[in-house]
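Geometric and topological summary
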Amino acid sequence: MKYYAIKKGRKPGIYTNWPEAKKQIDGFSGAVYKGFTTEDAARDFIEGQKKQPAISDDAVLVFTDGGSRNTGNVAGGHVKNNDKAAWAYLIQDHGQRYSDSKGEFGATNNKMELTALIQSLQRLISLGKQGTEIAVISDSKYLINAITQGWLNGWKNRNWKKADGSIPANVELWQQLDQLLPKFNKLQITWTKGHAENEGNNLVDQLLNETMDKM
């Protein structure tokens, strides 16, 4: 299936029917559009990279990360049953620090990113932080885009299916996350570049790698 992303046209949006998409751009001055093979890529094109809001000094900082070691795999190859994977989170609450990390064999990087966020939110609930300003910082665009660009709500509204009728990967975890997110009144999710200057992100990366080293 092909996805046609109309960024500027009569009715911007994602179309799976070219004649319908063509109607939105024919004769429209300055039309911006592009075809993609996945809905996620089409949505990325439309949304672009929005400027992220500044993080409040009062916010509790939450760093999450996931990783998988696809040893011996070709690029894009499937994770093998004996490949090591792990997730980790770090919560920094004005001098107090809470962290956790666990490993799993045969899990994808995306599954671990998702699990790290779920585990951190559950820990925040146990600490009674639902009404506190929370800033979650992750290097996973898969995770952030699904939440901030409406993919998660779209899947839910289609009875947990993508626009092409397929079931999203890790759907049970997405359903679990969908139950957790509304429990927080002031939750902000932002992206950081992985393996860069962000100390918290580097710490969770170190934590999950230590977990995989012990497996």
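Residues numbered from 1 in each chain as written. Predicted model: local features only at pLDDT ≥ 70, side-chain atom pairs only at ≥ 80, totals over all residues. Heavy atoms only, no water.

**Some remarks on the overall build of the protein**
Here is the rule: Each helix is a run of H or I in the DSSP string that is no shorter than four residues. Each strand is a run of E no shorter than two, and both are numbered from the N terminus. Only protein chains enter the accessibility calculation, which uses a 1.4 Å probe; a residue whose area is less than 20% of its type maximum is buried, one above 50% is exposed, and one in between is partly exposed. In this description, contact between two residues means that some pair of their heavy atoms is separated by no more than 4.5 Å. Residue burial considers only the protein chains on display, and all accessible areas are found by Shrake-Rupley using a 1.4 Å probe.
Counting its regular elements, the protein contains seven helices and eight strands. Seen through its C-alpha atoms, the protein measures out along the principal axes to roughly 60 × 45 × 35 Å. For the protein, the proportion of its 215 residues judged to be buried stands at 40%. Long-range pairs, those at least 24 residues apart, make up 67% of the contacts in the protein with a sequence separation of at least 6. Total accessible area computed for the protein in this model is approximately 11,600 Å², and 47% of it derives from carbon and sulfur atoms.

**Considerations on the pattern of salt bridges**
Under the convention used in this document: Here a salt bridge means any side-chain nitrogen of Lys or Arg lying within 4 Å of a carboxyl oxygen belonging to Asp or Glu.
On inspection of all chains with the given rule, the structure shows nine salt bridges. Between Glu 20 and Lys 23 there is a salt bridge, with its nearest N and O atoms 3.4 Å apart. Of this pair, Glu 20 and Lys 23 are both found in helix α1 (residues 18–25), three residues apart, which corresponds to roughly one turn of the helix. Among the charged side chains, a network of salt bridges with common partners joins Glu 39, Arg 43 and Arg 158.

**Topic: the sheet that holds strand β3 (residues 32–36)**
Stated formally: Two strands make a pair as long as DSSP finds a minimum of two bridges between them. Angles here are taken between N-to-C directions and fall from 0 to 180 degrees, while the axes themselves are lines fitted to C-alpha atoms, restricted in helices to the stretch in contact.
Pairing is antiparallel across the open sheet formed by three strands, whose spatial order is β2-β1-β3. Each end of this open sheet is capped by a strand with a single partner; those strands are β2 (13–15) and β3. Shown here is a sheet whose adjacent strand axes are inclined to one another by a mean of 20°, direction ignored. Two elements, strand β1 (residues 3–8) and β2, share three bridges in a ladder whose sense is antiparallel. Following the sheet pairing, Ala 5 is matched in β2 by Ile 14. Sheet strands in contact with α1 are β1, β2 and β3, and its direction is about 10° off that of β1. Contacts from helix α2 (residues 39–47) reach β1, β2 and β3 within the one sheet, and its direction differs from that of β1 by about 5°.

**Describing the sheet that holds strand β5 (residues 84–93)**
Each strand in a sheet pairs with another by means of backbone hydrogen bonds, the pair being arranged parallel or else antiparallel. Within the open sheet, the five strands sit side by side as β6-β5-β4-β7-β8. Their pairing is mixed. Strands at the two margins of the open sheet, each flanked by one partner only, are β6 (96–105) and β8 (186–191). Strand-to-strand twist in this sheet, taken as the mean axis angle between neighbours without regard to direction, amounts to 15°. Here six bridges tie strand β7 (residues 133–138) to β8, and the two strands are oriented parallel to one another. Paired with Ser 138 across the bridge in β8 is Trp 191.

**Here we look at the confidence of the model for the protein**
Keep this limit in mind: pLDDT: the predictor's confidence for each residue, scored from 0 to 100.
Per-chain confidence: the protein averages 89 in pLDDT, with 91% of residues scoring 70 or above. Helix α6 (residues 171–180) holds the highest mean pLDDT among the elements of the protein, 97, whereas α2 holds the lowest, 81.

**So, helix α4 (residues 141–148)**
Along α4, the residues that are buried comprise Leu 143, Ile 144, Asn 145 and Ala 146. Lining the buried residues of α4 we find α2, α3 (109–126), β7, α5 (151–157), α6 and β8. Following α4 by one or two positions, Gly 150 adopts a phi angle in the positive range, close to 85°.

**Notes on the packing of aromatic side chains**
Our working rule: When two rings of Phe, Tyr or Trp (its six-membered ring) have centres within 6.5 Å they constitute a pair, described as stacked for plane angles under 30 degrees, edge-to-face for angles over 60, and tilted for the intermediate range. Throughout this description, the term charge over a ring refers to an Arg CZ or Lys NZ atom that lies within 6 Å of the ring centre and within 35 degrees of the ring normal.
Here the structure, examined in full by the defined rule, presents six aromatic pairs. Here the aromatic rings of Phe 36 and Phe 45 are separated by 5.5 Å at their centres, their planes lie at 50°, and the arrangement is tilted. Through a chain of ring-to-ring contacts, the aromatic side chains of Tyr 4, Trp 18 and Tyr 33 assemble into a single cluster. Sitting above the plane of the Phe 45 ring, Lys 7 keeps its charged end 5.5 Å from the centroid. Positioned above the aromatic ring of Trp 191, the side-chain terminus of Lys 141 is 4.7 Å from the ring centre.

**Here's the deal with helix α7 (residues 199–214)**
For clarity, the threshold we go by: Helix span is expected to be 1.5 Å times the residue number reduced by one. Note: the arc covers the axis-to-C-beta directions of the helix.
If you check α7, its first and last C-alpha atoms are 23 Å apart, about what 16 residues at 1.5 Å a residue would give, namely 22 Å. Among all positions of α7, only Gly 200, Asn 201, Val 204, Asp 205, Leu 208, Thr 211 and Met 212 are buried. Relative to the axis of α7, the buried residues are bounded by an arc of 140° and lie together on one face. Opposite the buried face of α7, by more than 90 degrees, sit the exposed residues Glu 199, Asp 213 and Lys 214. Structurally, α7 contributes buried residues whose contacts are with β4 (60–68), β5 and β6.

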